[in-house]
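Structural overview for review
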Amino acid sequence: MRRFFDYYRQFEELAPDEVSRELRARRDEEKARAVTEQPALDLSSPAWHEPPHAEIVNAATFALRRAVNAYPDPEAGALAEALAARHAVEPSQIVAGHGAGELLRAGCQAILSGAGAGGEVAIAWPGWGPLPRLVHEAGGRPVPVALSRDGAGDPTALAAAAGPQTRAVALASPNDPTGGTVDAAAIRRLATDLPDGTWILLDAALADFDDVDLAPLTLELDRLLVFRSFSKARAMAGFRAGYAVGHLDDRELLARLAPTLGVSAPAQAGMAWATANEERHLPRRRTVAAEQRDRLAAALAGSALAFPTGTGPLVWLSSGAHTGAQIAAHLAARRIFVTPGTAWGDDRHVRIALRGQAATDRLTAALGDLAPRSR
Amino acid sequence: MPRNDPTDTGGLFIGRRPGTAPLRYRAAPTRASERRRRADAALAALVLVLETLLVLSVWGPQPVAWLWVGSQVDYRSGSISLALLLTFAGMLTTLMFTLGVASRMDRAWRILRRAAGHEQQEGVLPRIFGVTAIIVLVAFTFWFVILEGPAPSLAPR
């Protein structure tokens, strides 16, 4: 009989005060742990560490609630107009997509699909990590081309590397992972030096951290595709949102970059708000990234650690006395996680994504243990 | 730990809508065989019927019984006040007792439903009360206005 009742007793729910007691006990335990435990600091992701502006989330939520049953505007017309106004180009030069990475994938496939076997893409390297794989997947062969000393793509070296099989050259500004930037004159020079028919794929995912806007170059240079992202300075990585800008004569190729049924309505709404109101969120993040870059550089001055002067929150750190793996392991032992340079085939560097001042101070202290400053 | 402060989440309150939290048991229940679950479902249906009958008794049999008791008290004591007092006190007492029993039956019904494999969050007692009240009110109105009619009781037939 007891077993009979015990069977039914197991279906009794916990009383609300019992649930609260359990939750409070768990919270107390977490608090106690937080006092004694150093929280992990993840400096490996290039996505912005804070949430996006609240109005971006509001705009996306509103779009989602309004017509989640309907297909979004496949042309993303309102967004294209806002982006065109921002870059002083024509709306038809813009195509929205699921992030700069997906647009780059589509770009590689569109450019290499008609190239036959052996089409090459010269990539300023180290650059955006997944790009060589995307070129492979598109049937091409990635050809790494060394950066200039300041960590930026080298137009002269890229042009020199472009041979008869080269279909495109790819470079980033600011460059992930080094932060090096190129200016409009360098892109013009590259366009002039490249063989006819060679595309320039300019990954400008980190360009919101830079004052220079290279997208208007698409007004004068055909075969230039500029890829922009909302995942970095706009803090919208979860939206998977980005766009590409190309010359008016390249509309056919641009159309091939677009997702088949367009970008989701929340992503369109979020991007449109972020574009129309960028002065409300971009300047602060640009300042934070620049300040923390300067702060880290000042803290490391005189030590064996150094990184190229550049732009944006990504730092390509190396040491005269340690390998990248040693730096990463040293930081990991202090619960600071960075990306070892081996991800780019480089064993001397690590990539660090800067966050706020507290994170930089903790990083600086940890690096100080590894490479003390000389007096 | 997930962050749920609106300042951390871009202005959104992250959390469940009220009343949508899953049931929390002391430990994950061990489910019995399909046959046992079918038996539990049948038992739950039986409890529901009994519970409904019990609640229905609040609206008819119990007041009628106490009115009869009151009439007997009035007849034997000759005190209408005492009869009224006893009738209302009796009605309230049995109402409270019935509610206590019904609420226990409702708990048993919830447990049997869960044992039968349903995610039964709420009891059914308030709904039974509401539905039976409406049914009784409609039936009383029909009897009072249509069948009996107020006029014949005011004027001689």
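Residues numbered from 1 in each chain as written. Chains lettered and ligands numbered in written order. Predicted model: local features only at pLDDT ≥ 70, side-chain atom pairs only at ≥ 80, totals over all residues.

**Examining the overall build of chain A**
Helix and strand counts for chain A stand at 13 helices and 13 strands. Each of the three principal axes of chain A carries a C-alpha extent, and together these read 85 × 65 × 40 Å. With 375 residues in all, chain A has 48% of them scored as buried. (Helix = DSSP H or I, 4+ residues; strand = E, 2+ residues; numbered from the N terminus. Buried ≥ 20, exposed ≤ 12 C-beta atoms within 10 Å, placed from the backbone.)

**Some words on the interface of chain B and chain A**
Each partner contributes residues to the interface: chain B has 17 residues there, and chain A has 15 residues. Split into classes, the residues belonging to the side of chain B that touches chain A amount to nine nonpolar, four polar and four charged. (Contact = placed C-beta atoms within 7 Å. Nonpolar A, V, L, I, M, F, W, Y, C, P; charged D, E, K, R; others polar.)

**Remarks on the sheet that holds strand 13 (residues 349–353) of chain A**
Pairing within the open sheet is antiparallel, and its four strands lie in the order 9-10-13-12 (chain A). The outermost strands of the open sheet, each flanked by one partner alone, are strand 9 (305–306) and strand 12 (339–340) of chain A. (Pairing = 2+ DSSP bridges.)

**What about the nonpolar core?**
Counting 108 residues, the largest nonpolar core has I187, L202, V226, F227 and A244 of chain A as its most contacted members. Taken domain by domain, this core gets at least three of its residues from each of domain 1 (41–50 + 281–369) and domain 2 (54–277) of chain A. The contacts of L202 of chain A, once residues within four sequence positions are left out, are L171, S173, I187, L214, L224, L225, V226 and F227 of chain A. Listed in part, the 11 residues of the second largest apolar core include V55, A102, L112 and A116 of chain B. (Core = buried A, V, L, I, M, F, W, Y, C linked by C-beta atoms within 7 Å. Domains from an automatic or database assignment.)

**Considerations on the domain arrangement of chain A**
All names here are of chain A. Domains assigned within chain A are domain 1 (41–50 + 281–369) and domain 2 (54–277). Its C-alpha centre places domain 1 at a distance of 26 Å from the equivalent point of domain 2. If you look at the interface, domain 1 gives 21 residues, while domain 2 gives 20 residues. For the side of domain 1 that touches domain 2, the secondary-structure elements that each account for two or more residues are helix 11 (282–300) and strand 10 (314–319). Here the side of domain 1 that touches domain 2 gets four residues from one element, more than from any other, and that element is helix 11. Grouping the constituent residues of the side of domain 1 that touches domain 2 by class yields 12 nonpolar, four polar and five charged.

**A word on unusual backbone geometry**
Residues and elements named next belong to chain A. Cis geometry marks the peptide bond from W125 to P126; its omega dihedral reads 5 degrees. Within the secondary structure layout, P126 lies in the loop between strand 3 (120–125) and helix 6 (131–137). In the segment running from S173 into P174, the intervening peptide bond is cis, with an omega of -10 degrees. Looking at the secondary structure, you find P174 in the loop between strand 5 (166–172) and helix 8 (184–193). Backbone geometry places A88, a non-glycine residue, at a positive phi of 55 degrees. Relative to the elements of secondary structure, A88 occurs in the loop between helix 4 (77–87) and strand 2 (94–97). The class for A88 is exposed, based on 10 C-beta atoms found within 10 Å. Residue R335 is not a glycine yet carries a positive backbone phi of 60 degrees. Summarising the element assignment, R335 is placed in the loop between helix 12 (324–333) and strand 11 (336–337).

**Quick look at the packing of helix 3 (residues 54–67) of chain A against helix 10 (residues 265–276) of chain A**
Residues and elements named next belong to chain A. Relative to each other, helix 3 and helix 10 sit at 145 degrees, their axes nearing to 8 Å. As helix 3 packs across helix 10, the resulting crossing turns out to be right-handed. The residues of helix 10 that touch helix 3, namely those facing E55, I56, A59, A60, F62, A63, L64 and A67, are A265, P266, Q268, A269, G270, W273 and A274. Of the residues belonging to the contact of helix 3 with helix 10, the class tally is 12 nonpolar, two polar and one charged. (Axes fitted to C-alpha atoms, helices over the stretch in contact; angles between N-to-C directions. Left-handed = near helix turned anticlockwise from the far one by under 90°.)

**Notes on the environment of G99 of chain A**
Residues and elements named next belong to chain A. For G99, the position within the fold is in helix 5 (residues 99–113). The exposure class assigned to G99 is buried, which follows from the 23 C-beta atoms found within 10 Å. For the pair G99 and A237, spaced 138 residues apart in sequence, the C-alpha to C-alpha distance is 8.1 Å.

**Re helix 3 of chain A**
Residues and elements named next belong to chain A. Here helix 3 spans 21 Å end to end across 14 residues, near enough to the 20 Å set by a 1.5 Å rise per residue. Listing the buried residues of helix 3 in full gives I56, V57, A59, A60 and A63. Down the axis of helix 3, the smallest arc covering the buried residues is 160 degrees, so these residues share one side. Among the exposed residues of helix 3, those pointing more than 90 degrees away from its buried face are R65 and R66. Packed against the buried residues of helix 3 are helix 10. (Expected span 1.5 Å × (residues − 1). Arc of directions from axis to C-beta.)

**Quick word on the sheet that holds strand 7 (residues 224–229) of chain A**
All names here are of chain A. Spatial ordering of the open sheet is given by 2-8-7-6-5-3-4, a layout of seven strands whose pairing is mixed. At either margin of the open sheet sits one strand with a lone partner, and together these are strand 2 and strand 4 (141–146). Between one strand axis and the next, the sheet turns by 20 degrees as a mean value, whatever way the strands run. Sheet analysis places strand 3 next to strand 4, joined by six bridges and oriented parallel. Across the sheet, the residue bridging to E120 is R141, located in strand 4. Relative to strand 6 (residues 199–203), helix 8 is tilted by about 155 degrees, and along the sheet it contacts strand 6 and strand 7.

**With respect to the confidence of the model for chain B**
All names here are of chain B. Of the residues in chain B, 83% reach a pLDDT of 70 or more, and the chain-wide mean stands at 86. Per-element confidence in chain B is highest for helix 3 (residues 80–115), whose mean pLDDT is 95, and lowest for helix 5 (residues 150–154), whose mean pLDDT is 59. For this predicted complex, the interface score ipTM comes out at 0.74, alongside a pTM of 0.74. (pLDDT = per-residue confidence, 0-100.)

**A closer look at the pairing of strand 5 of chain A**
Residue and element names in this part refer to chain A. Across the seven residues that make up strand 5, a large majority, seven, are buried. Both strand 3 and strand 5 contribute to a ladder of four bridges, which runs parallel. Note that in strand 5 the partner of V121 across the bridge is A168. Here strand 5 runs beside strand 6; their pairing, made up of five bridges, is parallel. By the bridge assignment, V169 is partnered in strand 6 with I200. Between the parallel elements strand 5 and strand 6, the chain passes through helix 8 in a crossover that is right-handed. (Right-handed = clockwise from strand over helix to strand, strands pointing away.)

**A word on the packing of helix 1 (residues 34–59) of chain B against helix 3 of chain B**
Residues and elements named next belong to chain B. It is the contact of helix 1 with helix 3, at a shortest axis distance of 9 Å, that shows an interaxial angle of 160 degrees. In terms of their interaxial angle, helix 1 and helix 3 are classed as roughly antiparallel. Both helix 1 and helix 3 take part in a crossing whose hand is left-handed. Of helix 3, the residues touching helix 1 (which contributes R37, D40, L43, A44, V47, L48, L50, E51, L54, V55, S57 and V58) are L95, T98, V101, A102, M105, D106, A108, W109, L112, R113 and A115. Its residues assigned to classes, the contact of helix 1 with helix 3 shows 16 nonpolar, two polar and five charged. (Parallel < 35°, antiparallel > 145°, perpendicular 65-115°, else oblique.)

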